[in-house]
Structure formats: C-alpha cells, structure tokens
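If you want the building blocks of each chain, they are given just below.
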Amino acid sequence: MPITVRPAGDEIAVSYLTRLAALHEIPFDVLWAQVSRPRGNGNNTRRLDGDLLACVADQPRARLDRAVVELRDPEPDWLALRHEPQRGCRRCDARHPGGPVLRLLPHHTYVCTRHRIWIGPPDQTDHPQPGLDELPEVVAAQHRHLRLLRRLGPAATYDAVLTGFLICAHRWNFTEIAYDGDAWLDWTRRAELLVPPGTETDTFSTSRLFAATYPEAVAVAELVGPLRWRRLAAGGPDDQRAFAAEIGRRLGLRDYQPTLTQDPIAHWIEQDCHQPPSLPNNDYRSLRTFGGTTFVKPARDSDNKRHLAAYWFAQKHRRGGDAMLHHRALNPVVIRDWSHKKELFTGALVTSLETSFETRRKADVDALVEHSSCYLRPEPVPSSYLDTAKEPVGWSLRTGPRPPVGARPALPGERPKHFFPRNRLRPSN
Ligand SMILES: [Zn+2]
C-alpha cells in the first residue's frame, strides 16, 4: 500500500484496518479480504492473518505483534484488559492519521498522566474527554492506582478499585451531609467543573462521574484491596472497628461506624471481604468476535440513555451515584458470584447497600432505625481464602457460567440483549 501507517499501541485490528482503508479510499471489505483467511472447520467467516497484514500494510511483523491487540505475542493477561475497546487519550491519538483509534486498554487505565486527560472506563466512544488541569488530585489518583497494581497485582486491584467506586457511588446518593470534610462535597465540586450546572445536556457522561469520585475510589481501594486490611475487616469487633475508622477517615466521615442498612461498607465487611476478588464478566479474547471484523460496542440506544441520565442528574440535585451504579463497569461488584440472585437489578443495588436479612433479624431493631444501628460481626469470619492467600493474588477460577455481554447482567425474567453492530457482517454468535 502506498501510504504506510503504524498501528497505535493497544490498537484493535478493526481500528487499524479502518484507518488504512480510509487513507487509501478503499472499501473496508476489500482490505479485509486481503488480510484475512477463512477460519475453516466449516465456519465460513474469516479471521485476521498477521503475515498477510504485515505484507499488505508494509509493516514489520514484530511491530504488529507488539501493537495490534489480536496479534500480541506472547498473549497478554486478557483478564487484566477490558473487553470493550475505547478511545485512548485524544492528544496521544492526534498523531495517528486516518480516523479514530480504538484501543483495548487495561482495567487500571483511567487517566493519561502525560497530557492530564480523563480516559475513564469504556463509555460513549465519541464523547469529548475532559482535561484535568484543574483537578490534579484525579491525575495523582492514577499514580496511586498504578502503585497499588504493582503491590497487589491486577486481580485484587481490579476488584478493589471497582469496590471503591461502588462505595463512593452509593454514598454520593445520600442526602444528609452534616459537616465539612465529607468526600461528598469534593464529588459535587469536581462534578461542577466536569459537568457545569446548566450544561448537562452537552457535557454529562457517566464517565465524568467516575472522574469526580476517582481519588476516593482509589483511597478506598488501598484498604479493600490489601490482604492485611481485608483480614482486619474479617476479624473480630476490635479489628472491624480499626478498619471502619480508617475507611471513614478516607471518606471524610467523622466517627464513622458501619450500620445495618444504607451502608455499602457494612455490606462489604459482612459478605465480601473474606472472599477472593471478583472477576471481570468478560474478556476480549473469549468473545466470538475476536479476530473478526466486529467488536463489542456501546448499546445503540446509549445516547438516549445518556440524555436521560443527564436529565436525572440535573433534576436530582446533581447526585451522581445512580448513573454510576447502573454503568456496566460496576456490574461485577454489584452482583458478585456469591450474591443472592435478585429478580431485578434494582433489587441487587439495594442489597449491595445493606447487611443480610438474617443479620438484621438477629439485631432486632426497629426498621426505622436500622440505618443508624451499628453493625459489627461478633466473631471473626472463617475464610480459607484469607488463611492461605498471598500477594499478589492471582485470578480466581470462575465457578458459575460467564454472564452475557451487555450493559448489565440479564437476570431471571429479563431478555438478554445483543450489542453487535448491524452495519458490518452478522453477529458472530
Ligand atoms: Zn495523552
């Protein structure tokens, strides 16, 4: 091909091919036919071929193997990567011609620290990425996140940061803010910069709410991730008090103690701290779209959903928790493998805010004061996981079936949804 362009780092093959085709003004399918081979086994679809691509794009095979996700050799730790491709930093991408670059980024990438730009979890692909010049603590949180990753490894860090977001999101929805120093006030302040009041229709995205809470999500992750703190949370009343005091301090809560309801921290202490880290619901390599011409994209109605969420955010006193809790990035920690399965997702969200029915029955306090009644487990919880785990902990083996790809898990009585684009080939499964 006359114009040679390099792939960007972590770029997915379809993105690279789309740019090549655009630069040469040839249809995508014509290029695809030159760089793919039939999959065989009676399957009439085609799969990307690295040698053909190296020849057609006039690139060294070794370079493609380093940059193009589908050709990575050796294969990466797929569970440490998101399953949904997304735009990288807009300034880093500006030097790559031919159209948007889609990359498959690791779970721990939220900020381009070089350009101070928010990347966030996969969200709307074409939504403008905010700069972080006025929010240095968000950039600093990315550095802390990477330090945590080096200490704990990808499995524990993935679970811990999502749990941090879950706890912050629930707390952001609370209405009673009594004093200075509460992290709630920081989230509101950051949200005013990222989604200025009155501009919600244009500037709102759930990804920006993740940016507003990222510093505290990482601060909480520094506690819910390490085994030392998990063992305290799983210990007797004094250990739990020590854990509660520290997590309360990190959220700016004075004299915090866990309560029976309206408290995602109490739920985590009771049900999650003694379990292994939760896994991502999917990985890119396991999807049937791998190596083909299509990939998981945001749902087609996602822009309508964004407008609706923007409306509610503006109406509900700009509390961002709801939109975050319904974002697909948090699914794996809202409904964990050991969670009681709920008929509706909203039921699961309420459950993630409270201790078990059994615990509340035993506490025997009036339902009206459960939210202000202290929860402490009377005895340490036995845990073969905590007894034997060593850092960095590896990915645990999935015991149940893999949840379907989608905006959130399909629960009993719900129809699974399909999120494959209609314009190119048919859904591959
Ligand atoms: Zn950048």
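None of the values given here were measured: they were computed from a predicted structure.

## Looking at the overall build of the protein
- Secondary structure assignment for the protein yields 18 helices and 6 strands.
- For the C-alpha atoms alone, the extent of the protein along its principal axes is close to 75 × 50 × 40 Å.
- Expressed as a percentage of its 429 residues, the buried residues of the protein come to 41%.
- When contacts within the protein are restricted to residue pairs at least 6 apart in sequence, those whose partners lie at least 24 apart make up 70%.

## Comments concerning the pairing of strand S1 (residues 36–40)
- Here S1 runs beside strand S2 (residues 43–48); their pairing, made up of 4 bridges, is antiparallel. Bridge assignment links serine 36 to a residue of S2, and that residue is leucine 48.

## Brief notes about the packing of helix H1 (residues 13–24) against helix H2 (residues 28–35)
- Between H1 and H2, whose axes approach to 9 Å, the crossing angle comes to 120°. Between H1 and H2, the angle falls in the class oblique. Classified by chirality, the crossing of H2 by H1 is right-handed. The residues of H2 that touch H1, namely those facing Leu17, Thr18, Leu20 and Ala21, are Phe28, Leu31, Trp32 and Val35.

## Description of the domain arrangement of the protein
- By the assigned domains, the protein splits into domain 1 (1–75) and domain 2 (133–388).
- Each of domain 1 and domain 2 has a C-alpha centre, and the two are 39 Å apart.
- For the side of domain 1 that touches domain 2, the leading source of residues is S2, giving 3 residues.
- When its residues are assigned to classes, the side of domain 1 that touches domain 2 shows 4 nonpolar, 1 polar and 2 charged.

## Focus on helix H12 (residues 264–271)
- Across the 8 residues of H12, 7 count as buried, placing the element largely inside the fold.
- Pro264, Ile265, Ala266, His267, Trp268, Ile269 and Glu270 are the residues of H12 that are buried.
- Residues of H12 that are buried sit in contact with helix H6 (136–172), helix H9 (206–224), helix H10 (227–233), helix H11 (237–250) and helix H17 (357–363).

## Thoughts on the packing of helix H7 (residues 183–194) against H9
- Where H7 meets H9, the axes come as close as 9 Å, and the angle between the chain directions of the two elements is 145°. Between H7 and H9 lies a crossing whose hand is right-handed. Here Ala183, Trp187, Arg190, Ala191 and Leu194 of H7 come into contact with H9, specifically with Arg208, Leu209, Ala211, Ala212, Thr213 and Glu216.
- Looking at the contact of H7 with H9 residue by residue, the classes come out as 7 nonpolar, 1 polar and 3 charged.

## Some remarks on the environment of alanine 33
- Tracing the chain through its elements places alanine 33 in helix H2.
- With 15 residues separating them in the primary sequence, alanine 33 and leucine 48 have C-alpha atoms 9.3 Å apart.

## Some points on unusual backbone geometry
- Cis geometry marks the peptide bond from aspartate 73 to proline 74; its omega dihedral reads 0°.
- Locating proline 74 in the fold gives a position in the loop between helix H4 (61–67) and strand S3 (86–87).
- Residue proline 392 is bonded to the preceding glutamate 391 through a cis peptide linkage, with omega at -5°.
- Examined against the element boundaries, proline 392 turns out to sit in the segment after helix H18 (384–388).
- Even without a glycine there, the phi angle at aspartate 255 is positive, about 50°.
- The residue aspartate 255 is located in the loop between H11 and H12 in this model.
- A positive phi is found at aspartate 364, a non-glycine position, where the angle reads about 55°.
- Along the chain, aspartate 364 falls in the loop between H17 and H18.
- According to the C-beta neighbour criterion, aspartate 364 is exposed, with 7 such atoms within 10 Å.

## Comments concerning the nonpolar core
- Core analysis: the largest hydrophobic core is formed by 73 residues, its most contacted members being Val138, Phe165 and Leu330.
- Ranked by the residues each element gives to this core, the list is headed by H6, at 18 residues.
- Not counting chain neighbours up to four residues away, the residues in contact with leucine 330 comprise Leu162, Phe165, Leu166, Met324 and Leu325.

## Here's the deal with the confidence of the model for the protein
- On average, the protein scores 90 in pLDDT, and the residues at 70 or more come to 92%.
- In this model, residues 409–429 is a region of pLDDT below 50 whose contacts with residues beyond four sequence positions or in other chains number 38 contacts.

## Things to note about the environment of arginine 61
- With respect to the helices and strands, the residue arginine 61 is situated in helix H4.
- Linking arginine 61 and aspartate 51, residues 10 residues apart in sequence, is a C-alpha distance of 6.7 Å.
- In this view, arginine 61 contacts Gly50, Asp51 and Ala54; residues no more than four positions away in its chain are not counted.

Thresholds applied
- Residues numbered from 1 in each chain as written.
- Predicted model: local features only at pLDDT ≥ 70, side-chain atom pairs only at ≥ 80, totals over all residues.
- Helix = DSSP H or I, 4+ residues; strand = E, 2+ residues; numbered from the N terminus.
- Buried ≥ 20, exposed ≤ 12 C-beta atoms within 10 Å, placed from the backbone.
- Contact = placed C-beta atoms within 7 Å.
- Pairing = 2+ DSSP bridges.
- Axes fitted to C-alpha atoms, helices over the stretch in contact; angles between N-to-C directions.
- Parallel < 35°, antiparallel > 145°, perpendicular 65-115°, else oblique.
- Left-handed = near helix turned anticlockwise from the far one by under 90°.
- Domains from an automatic or database assignment.
- Nonpolar A, V, L, I, M, F, W, Y, C, P; charged D, E, K, R; others polar.
- Core = buried A, V, L, I, M, F, W, Y, C linked by C-beta atoms within 7 Å.
- pLDDT = per-residue confidence, 0-100.

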